[in-house]
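As a plain string of letters, each chain reads:
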Amino acid sequence: MSAASRQGAAALIRQVAGEARGTGLFLDFDGTLAAITGDPEDSRLPEQLHGVLAALARTLGVVAVVSGRPAASLAERVPVDGVRLLGLYGLETWDEQGSRPRPEAARWQATVDDAKGLLGAGAEGLEGVELEDKGLSVALHWRNAGDRGERGRQVSAVVERVAAQTGLGREPGKFVEELRPPVDWDKGTAVRAVMEEERLRLPVYCGDDLGDLPALRAVRELGGVAVLVSDGETPEALDDAADIIMDGPEAIADWLTRLRHALA
Ligand SMILES: [Mg+2]
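Residues numbered from 1 in each chain as written. Predicted model: local features only at pLDDT ≥ 70, side-chain atom pairs only at ≥ 80, totals over all residues. Heavy atoms only, no water.

As for the coordination of the magnesium ion
Argument step 1. At this site the magnesium ion is bound by Asp28 (OD), Asp30 (O) and Asp208 (OD), with donor distances of 2.1 Å.
Argument step 2. Here the donor residues of the magnesium ion are spaced in sequence according to D-x1-D-x177-D. With Asp30 in the loop between strand 1 (23-27) and helix 2 (47-59) and Asp208 in the loop between strand 10 (202-207) and helix 8 (213-221), the pair connects residues that are 178 residues apart, well separated along the chain. (Donors = N, O, S within 2.8 Å, 3.2 Å for Na, K, Ca; no water. Helix = DSSP H or I, 4+ residues; strand = E, 2+ residues; numbered from the N terminus.)

With respect to the pattern of salt bridges
Argument step 1. A complete count under the given rule lists 21 salt bridges for this structure.
Argument step 2. Put simply, Arg153 and Glu150 hold a salt bridge, and the shortest N to O gap is 3.6 Å. Taken together, the residues Arg153 and Glu150, both in helix 6 (residues 148-166) and three residues apart, mark about one turn of the helix.
Argument step 3. Among the residues examined, Glu150 registers a relative accessible area of 32% and is labelled partly exposed.
Argument step 4. What you see here is one network of salt bridges that share partners, running through Asp28, Lys187 and Asp212. (Salt bridge = Lys/Arg side-chain N within 4 Å of Asp/Glu carboxyl O. Buried < 20%, exposed > 50% of the residue type's maximum accessible area, 1.4 Å probe, protein only.)

Considering the packing of aromatic side chains
Argument step 1. Counted according to the given criterion, the structure contains zero aromatic pairs.
Argument step 2. One Lys or Arg, Arg102, reaches over the ring of Trp185 and ends 3.8 Å from the middle of that ring.
Argument step 3. A cation over a ring is seen here: Arg148 above Phe175, with NZ or CZ 4.0 Å from the ring centre. (Phe/Tyr/Trp six-rings, centres within 6.5 Å; stacked < 30°, edge-to-face > 60°. Lys NZ or Arg CZ within 6 Å of the ring centre and 35° of its normal.)

Considerations on the packing of helix 7 (residues 187-197) against helix 8
Argument step 1. Relative to each other, helix 7 and helix 8 sit at 40°, their axes nearing to 7 Å. Between helix 7 and helix 8 the crossing geometry is right-handed. Of the residues in helix 8, those in contact with Lys187, Gly188, Val191 and Arg192 of helix 7 are Pro214, Ala215, Ala218, Val219 and Glu221.
Argument step 2. When the residues that make up the contact of helix 7 with helix 8 are grouped by side-chain class, the tally is five nonpolar, one polar and three charged. (Axes fitted to C-alpha atoms, helices over the stretch in contact; angles between N-to-C directions. Left-handed = near helix turned anticlockwise from the far one by under 90°. Contact = heavy atoms within 4.5 Å. Nonpolar A, V, L, I, M, F, W, Y, C, P; charged D, E, K, R; others polar.)

Comments concerning unusual backbone geometry
Argument step 1. Phi at Leu88 is positive, roughly 45°, even though this residue is not glycine.
Argument step 2. For Leu88, the position within the fold is in the loop between strand 3 (84-87) and strand 4 (92-95).
Argument step 3. Non-glycine residue Arg199 carries a positive phi angle of around 50°.
Argument step 4. Residue placement: Arg199 occurs in the loop between helix 7 and strand 10.

Overview of the domain arrangement of the protein chain
Argument step 1. The domain boundaries assigned to the protein chain delineate domain 1 (3-102 + 185-263) and domain 2 (108-180).
Argument step 2. Taken over C-alpha atoms, the centre of domain 1 sits 26 Å from the centre of domain 2.
Argument step 3. The interface of domain 1 with domain 2 comprises 19 residues on the first partner and 13 residues on the second.
Argument step 4. Of the roughly 1,300 Å² buried between domain 1 and domain 2 on both sides combined, carbon and sulfur atoms contribute 52%.
Argument step 5. A per-residue breakdown of the area domain 1 buries against domain 2 is headed by Leu88, Tyr89 and Glu233, which together make up 31% of the total.
Argument step 6. Scanning the region where domain 1 abuts domain 2 turns up two salt bridges.
Argument step 7. At the junction of domain 1 and domain 2, the tally comes to six residue pairs in polar contact (both at pLDDT 80 or more). (Domains from an automatic or database assignment. Buried area = accessible area lost by both parts, 1.4 Å probe. Polar contact = N/O pair within 3.5 Å; in protein donor to acceptor, adjacent residues only side chain to side chain.)

A closer look at empty space enclosed by the protein
Argument step 1. Per the stated rule, a full pass over the model turns up one cavity of 30 Å³ or more.
Argument step 2. In this structure, the largest cavity occupies an estimated 550 Å³ of space.
Argument step 3. Forming the boundary of the largest cavity are 32 residues, of which Asp30, Ile36, His141, Val176 and Asp209 lie nearest the centre.
Argument step 4. When residues of the lining of the largest cavity are traced back to their parent elements, those giving at least two are strand 6 (130-133), strand 7 (138-141), strand 8 (169-173) and strand 9 (176-180).
Argument step 5. Its residues assigned to classes, the lining of the largest cavity shows seven nonpolar, 10 polar and 15 charged.
Argument step 6. Residue contributions to the lining of the largest cavity reach at least three from each of two domains, namely domain 1 (3-102 + 185-263) and domain 2 (108-180). (1 Å grid on protein atoms, 1.4 Å probe; cavity = no way out; pocket = protein on both sides within 12 Å on 5 of 7 lines; lining within 4 Å. Points joined across faces, edges and corners; volume = space filled by probe spheres on them.)

What about the pairing of strand 9?
Argument step 1. Where burial is concerned, most of strand 9 is hidden: five out of the five residues are buried.
Argument step 2. On strand 9, burial covers both faces: Val176, Glu178 and Arg180 on one face and Glu177 and Leu179 on the other are all buried.
Argument step 3. Taken together, the four bridges between strand 7 and strand 9 define a ladder with antiparallel strand orientation. The residue of strand 9 that forms the bridge with Ala139 is Glu178.
Argument step 4. Note: strand 8 against strand 9, five bridges, orientation antiparallel. Following the sheet pairing, Pro172 is matched in strand 9 by Glu177. (Pairing = 2+ DSSP bridges.)

Next up, the structure:
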């Protein structure tokens, strides 16, 4: 973390402490709370954050994890009382009954299922490419490919074709492209909805990837603070959207722990 960012992180703790009940703290999962792993199945919330997030959820207005993962996958990984789980960029929420998709997205289920077959066929023979079935969306990953540049171009061509065939929306990320229902809903919309619903005043968003961009922009527009978690592979567009930069999930874990102590 640079000296300027370190100062920014400390100032943000003071700002949140002064507005605890009015704060909405929104956290991305992969690459923000949890380190990126070769197999997304292996990603876990670091042990020390279970207690930290539970304590923050009792003190702040809202603590939410906002991820491209399905809500069920988040529920498995973030079993923390009081923390809200918003899956598939907020298209799914989680409660005692399980995962709840937004109705305007659920209508696309059959089309998404078609796309899974088309993407699987299109990616056949592309070494290092994996299809991830996220239920109401589907992704192709090439993080483990030998030549990521070349593989990325090939995957993009396949995804573009299937998007045109099905009418689904494209969601690009780091070494991943996803097709999802083409509804006007992203992490920014999700953050705004919670802020309004709960009448909160200070939104703070922490994220590391292109899917986080709408949320980073939204919190700025709402007078909040945009925190970028950088791992050296950060897409350029994200730098401009950030107020504070933190170096990877370890820096976020450290900051959350310090925030918890400041609020205790
Ligand atoms: Mg992420």
